[in-house]
Each structure stands twice: as structure tokens, then as C-alpha cells.
Amino acid sequence: MNKQEFRRYPATVIPKRKSVQRMNMRQLKENGAKIIFILAACVSILAVALICIFLFANGIPGMAKIGVFKFLTGRVWKPGNDIYGILPMILGSVYVTAGALVIGVPTGITTAVFMSRFASKRIAKIMKHAVSLLAGIPSVVYGFFGLTVVVPLVRDLFGGSGTSILSASIVLGIMILPTIISISEPALNAVPNAYYEGALVLGATHERAVFKVILPAAKSGVMAGVVLGVGRAIGEAMAVMMVAGNQPRMPKGLLQGVRTLTGNIVMEMGYAADLHREALIATAVVLFVFILIINMLFSVLKRRTKV
Amino acid sequence: MISTKKEAVFIKVFVYAGTILTLAILVSVVGYILFKGIPNLSLKLFEREYTTENVSLFPALVNTLLMTFLSLLIAAPLGIFAAVYLVEYARNDNRFVKLVRITTETLSGIPSIIYGLFGFLFFVTALGLRMSLLSGALTLSMMILPLIMRTTEEALFAVPVEYREGSYGLGAGRLRTLFKVVMPPAIPGILAGIILSVGRIVGETAALIYTAGTVAEIPKSLLDSARTLSVHMYALSSEGLYINQAYATAVVLLVIVAGINALSAYAAKRIERKTNNGKD
């Protein structure tokens, strides 16, 4: 945006001394306000710095005490015996996130395609409201829905206890839908109409033009949506915890219970002390690093969409 | 090779199936909660006191309001001022501005459980604020700060440059231009962002369990623990004894969320109209 520097009248225009004083007061106010605005802008830098400092300062020493390699690749988590390995939780997070993507990505992208290129304007608008409602539903409500509907359904259909990787994947897949849709739909809308028209002129059907021309053109925007969905899925705590079973062991099958990184923190933070507590904070450090990588990926993709 | 016609039909079916699945999910989540929850709504659930015989959601409802108010009180001025600096004062190539943008983006991607853990380590333990309304509100205000900043920025950007030029031309200073000319048309947009962050506060659980705690009473001071509705619902469903009341709480949460969405859409619509007027 083009910002104009404000230029004051030359002092000669203002004859009386009183006005000059007022001018100084005004100058003071302007500068004071500017300083307040700058300070407010500093808050997010401060917040990120504090989060990093407190997580790393509390988590890294614990990780060092346990042994970084042992901590990250250990297959056993037994706080009672001072054994802390979070490989099961890392895998747990990765599995449920992958499961969520299998469910959420095709559904989300096709819905976005429908809203952007198939639906009439009115229907697209209604669907936008529907998606924002889906986005607004609190995660406990999703978790509760999972607990009372998805878990029994999985139990009846496939046996086992029902609290499983599959249930967690389904619930997370639902939860990342609005994220994927709300990022990829604008990306699809932003593809110039000439692309579509060009494809039609070359003899493509509407469907073919959308899938072979528009969708590839919107690729980075759609990918950004997916990456943000991954971030949401891997960071979600409550809903996953309510349906995943939370057993801290190596996950072996779709129908077995699993504990995620987030679940590990929520489950045990309430009573943990000493090394146990540090191990939990170290778990958060691992999660935080995952999230930072995902964020970076997201902003790279987003920047590419803008060009 | 499949014929083009068959391919077109196949794609169409695929797209419609995905869309219908999305809508079916929404309908079944909302429908199921309403179906199970509405019969369990009773006046008893809104009584003043929470007891083991009557797990009233009233204290949690009041706490949610308090938490929302307090978090906004902290985050809204900070977020709006920061956005004002970014849009109205700073030059875009400034290194400081870049750092602010990167950190804000980072904040918006951090999962709520990390905020919760940080709040527990910093506000609750290091600052000694205990598990309290205040610790919870401080944690949440960090969480909603990027949302408020981003929406305010967008709202300010939408105000045409000519407004500012006209105001400067008439001899108004920067502050006066800001508050009398730029802010008024941007208010609906800023409000839409604030309403959205209310939604996030209402729905938050993971960031609050270890910062605001789970005491089901209306707090007597800022330093008392207070569970919000979402935490209340989590507590009910994890105890497993009050499933019916949990359904009812879910209904209340859904109603609040739907109301918030409608409000925010309304506010956003107003800013659309206003800025269009500006361009005509």
C-alpha cells in the first residue's frame, strides 16, 4: 500500500504562541501513540520468545538426562521405572495424522472443488456457512461425538474395544475438513478463468477442465490447506485423547489403541514430577519442532500461491 | 482408454460424493448432538450451584463469559494496536515488521496444548498466578492475538488510501486520521475477528485444563480456578457418570458457536458493503 507521509503546515502560518504549544502537545501525543503501537507489535515477538525459552529450557535438560537418542527412539514409556521412550507416541501421532489425511484430503478437496466450480453462487455461499460451522464446533464436542458414535461403530463393525487408531483417524479426518476446504477453495477460485475457457476450447469437458487444468493450477494453495490440516491433526489433543485409547505402546494395527504426543502431555501432566515432568515437556518440544517444520512448509506454499 | 463421457461422469460422481459426505458429517454431528442433548436440557442444569447430584452447567457458563471478557480485554487492544502499527505506520520492508509477521504466523500455528503447557510453566508456576482465571485468560489471549491481528490488518487494508489522503489534506494528524477516518469503516471487520476469537475461547479445552483448572464454581477473585463450558464438558464425559448432562452441555456449546458464526458473518457482510461504497 502506498502510504503518504503527512506534512505539517509551516510554522509561519500559525501566528499565536498558544497554537504552537498545542502543536507540541499534538506532536507528543502522536509520538506517544506510535510508541504504544510499536510496543503492541512487539508482543507477538515476546510471546514466541517466551514460549521457546520456557519449553526448551524445561525440556532440553530432561531430554539430555534421559539421552536424546534413547528418548526419541525408546520403545518403552514407563514413568514408574524412569524409562522414557516416546517412539510409540511419535508413531502414534504420525499414524493418526496419516489416517486423518486419507479420510480428510479427498473429501475436503472434492468439496472445495464442488464449491468453487460446480455449485451455483447461492449454494456455494450456503456451503461456506456450513464449513465455518464445522470449523467452529469445539474439539471436545468432536471428541464426544467420536466417543459416543464412532467408537461404538468401530467396535461393532470390526471388534476390539473401539478406541483405536481407526477411530482417532476418523474423528481427526472430520476435524481437518474445514481447514482443508477453507484454504483450498479460495485457491481454486483464484485460478484465472482463461485457463478453464482455454481447456473448453480445446474440447475438454467441464469436469476434465476442472480436474486437469484448474486443480493443478491451484496446486500450491490446495497443498497449503493440506499442510495446515496436518498441523491441526498432529496438534489436536482433546478429541484424539477421547477416542484413541492412549496406551503407551508400539501401535501394531488399525484397531489397536494408541497414544499421541499430545495425549501423552494431557494424560500425565497433572501429576508428573521431576524427571517425569521434564520428559513430558520434552515431548512437547518434539511436538513443537514438528509444528515449526509444518508451519515453515505452509508459509512457503502460501507464498508460492500469491505469485 | 476410457471415453471422455465416462470420465466426466466418474469425476462428477467423485466430486458429488465428497461434497455429500462433508454435508452428511456436519448434519450427523449437529443432528446427533441436538437429538441426544435437547431432551436432557432442563432448568435444573442452569441452577446456581454445581453439586454432585446436580452437575449444573451454570457456573461454567458464567466462567466462560468471564474468561472471554478477560482474554479479550488483554488481547483485543494489543492485537488492534499491533495491526495499526503494521498497516498504518511501518514500512513493509522493515526487518522488525518481518519479524513481527513471522512470529505472528508462528503463534497462529502453535497447537493449544502447547499453549496450555507454556501457560502452566510460565503463568501458573513461574509467575505464581496459580491455576486461575487470570492464568487461563493470559494463555488464551496469547492464542487469539494472531487472529485479532490478522483480521484487523485485513480490515484496515480494506479502507481506501484516498480516505487517509483526504484527511491529511484537510490538515488532520495521523492519530486523528486513524481514529476518525480509518477506524470507523474498519470496525465491522475488526469485530468479525473479535467474534471469531470468542469462538476459539469458548471452544478451548486443552489450553485451559492446566492453566485455569477445573473447579466448577464461579471464582471469587482473578486468582481462583474456574472451568469453562468446554472444560466442563470434557470433565463430564471423562468421568463417564453424567453422559446425558454432557450431551446437554454440547447443545449449549453448539448454540453458542452457531450464534457466534452468524454474528461474525453479519459483521463481515457489513464491512463488505462499506468498502464497496468507498470504491464506488
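Novice: Help me understand the overall build of chain B in this model?
Specialist: Regarding its fold elements, chain B presents ten helices and zero strands. Starting at the N terminus and walking to the C terminus, you meet the elements of chain B as α-α-α-α-α-α-α-α-α-α. Here the C-alpha coordinates of chain B stretch approximately 70 × 70 × 35 Å along the principal axes. Expressed as a percentage of the 280 residues in chain B, the buried residues total 50%. The contacts in chain B between residues at least 6 apart in sequence include a share of 76% that link residues at least 24 apart.

Novice: What should I look at first to understand the overall build of chain A in this one?
Specialist: Across its full length, chain A holds twelve helices and two strands. The C-alpha atoms of chain A give a radius of gyration of 26 Å, which is well past the 19 Å a tight globule of 307 residues would have. Expressed along its principal axes, the backbone C-alpha trace of chain A runs to roughly 90 × 65 × 35 Å. Out of the 307 residues belonging to chain A, those deemed buried represent 49%. Within chain A, contacts between residues at least 6 apart in sequence are counted, and of these 74% link residues at least 24 apart.

Novice: What is the right way to look at unusual backbone geometry in this model?
Specialist: Outside of glycine, negative phi angles account for most residues, and trans bonds account for most peptide bonds. All names here are of chain A. Of note, Asp-82 is a non-glycine position whose phi angle comes to about 60°, a positive value. Within the fold, Asp-82 resides in the loop between strand E1 (77-78) and strand E2 (83-84). In this structure, Asp-274 takes a positive phi of about 50° despite not being glycine. Take Asp-274: it is sitting in helix H12 (residues 274-306). Looking at Asp-274, the number of C-beta atoms within 10 Å reads 10, which means it is exposed.

Novice: Before we go on, may I ask you to explain the packing of helix H5 (residues 139-158) of chain A against helix H9 (residues 229-239) of chain B in this structure?
Specialist: Where H5(A) contacts H9(B), the axes come no closer than 10 Å and their chain directions differ by 20°. In terms of orientation, H5(A) lies roughly parallel with respect to H9(B). You can see that H5(A) and H9(B) cross each other, and the crossing is left-handed. Where H5(A) approaches H9(B), its residues Val140(A), Phe144(A) and Leu147(A) are matched on the opposing element by Ser230(B), Met233(B), Tyr234(B) and Ser237(B). A per-class count over the contact of H5(A) with H9(B) returns five nonpolar, two polar and no charged.

Novice: For this particular structure, what's the right way to read the interface of chain B and chain A?
Specialist: Quite often, the size of an interface is put as the accessible area lost when its parts meet. Listed as interface residues are 73 residues of chain B and, on the opposing side, 69 residues of chain A. Top element by residues in the side of chain B that touches chain A is helix H1 (residues 4-37) of chain B. It accounts for 17 residues.

Novice: Got a minute to help me understand the domain arrangement of chain A in this structure?
Specialist: Residue and element names in this part refer to chain A. In terms of domains, chain A is made up of domain 1 (11-66) and domain 2 (86-306). One C-alpha centre belongs to domain 1, the other to domain 2, and the line joining them spans 37 Å. Across the boundary between the two partners, domain 1 contributes ten residues, which contact eight residues of domain 2.

Novice: Can you walk me through the confidence of the model for chain A in this structure?
Specialist: When pLDDT is low, close inspection of the predicted coordinates is not appropriate. Averaged over all residues, the pLDDT of chain A is 89; the fraction at 70 or higher stands at 92%. Note that residues 1-15 of chain A has pLDDT below 50 and, in this model, 14 contacts with residues that lie over four places away or in other chains.

Novice: Even after reading the chapter, I still don't get the domain arrangement of chain B, so can you show me in this structure?
Specialist: Residues and elements named next belong to chain B. The domains assigned to chain B are domain 1 (1-40) and domain 2 (43-279). Of note, the centres of domain 1 and domain 2, computed from C-alpha atoms alone, are 32 Å apart. Counting from both sides, the interface comprises seven residues of domain 1 and, opposite them, seven residues of domain 2.

The rules we used
- Residues numbered from 1 in each chain as written.
- Chains lettered and ligands numbered in written order.
- Predicted model: local features only at pLDDT ≥ 70, side-chain atom pairs only at ≥ 80, totals over all residues.
- Helix = DSSP H or I, 4+ residues; strand = E, 2+ residues; numbered from the N terminus.
- Buried ≥ 20, exposed ≤ 12 C-beta atoms within 10 Å, placed from the backbone.
- Contact = placed C-beta atoms within 7 Å.
- Rg over C-alpha atoms; globule rule 2.2 N^0.38 Å.
- Axes fitted to C-alpha atoms, helices over the stretch in contact; angles between N-to-C directions.
- Parallel < 35°, antiparallel > 145°, perpendicular 65-115°, else oblique.
- Left-handed = near helix turned anticlockwise from the far one by under 90°.
- Nonpolar A, V, L, I, M, F, W, Y, C, P; charged D, E, K, R; others polar.
- Domains from an automatic or database assignment.
- pLDDT = per-residue confidence, 0-100.

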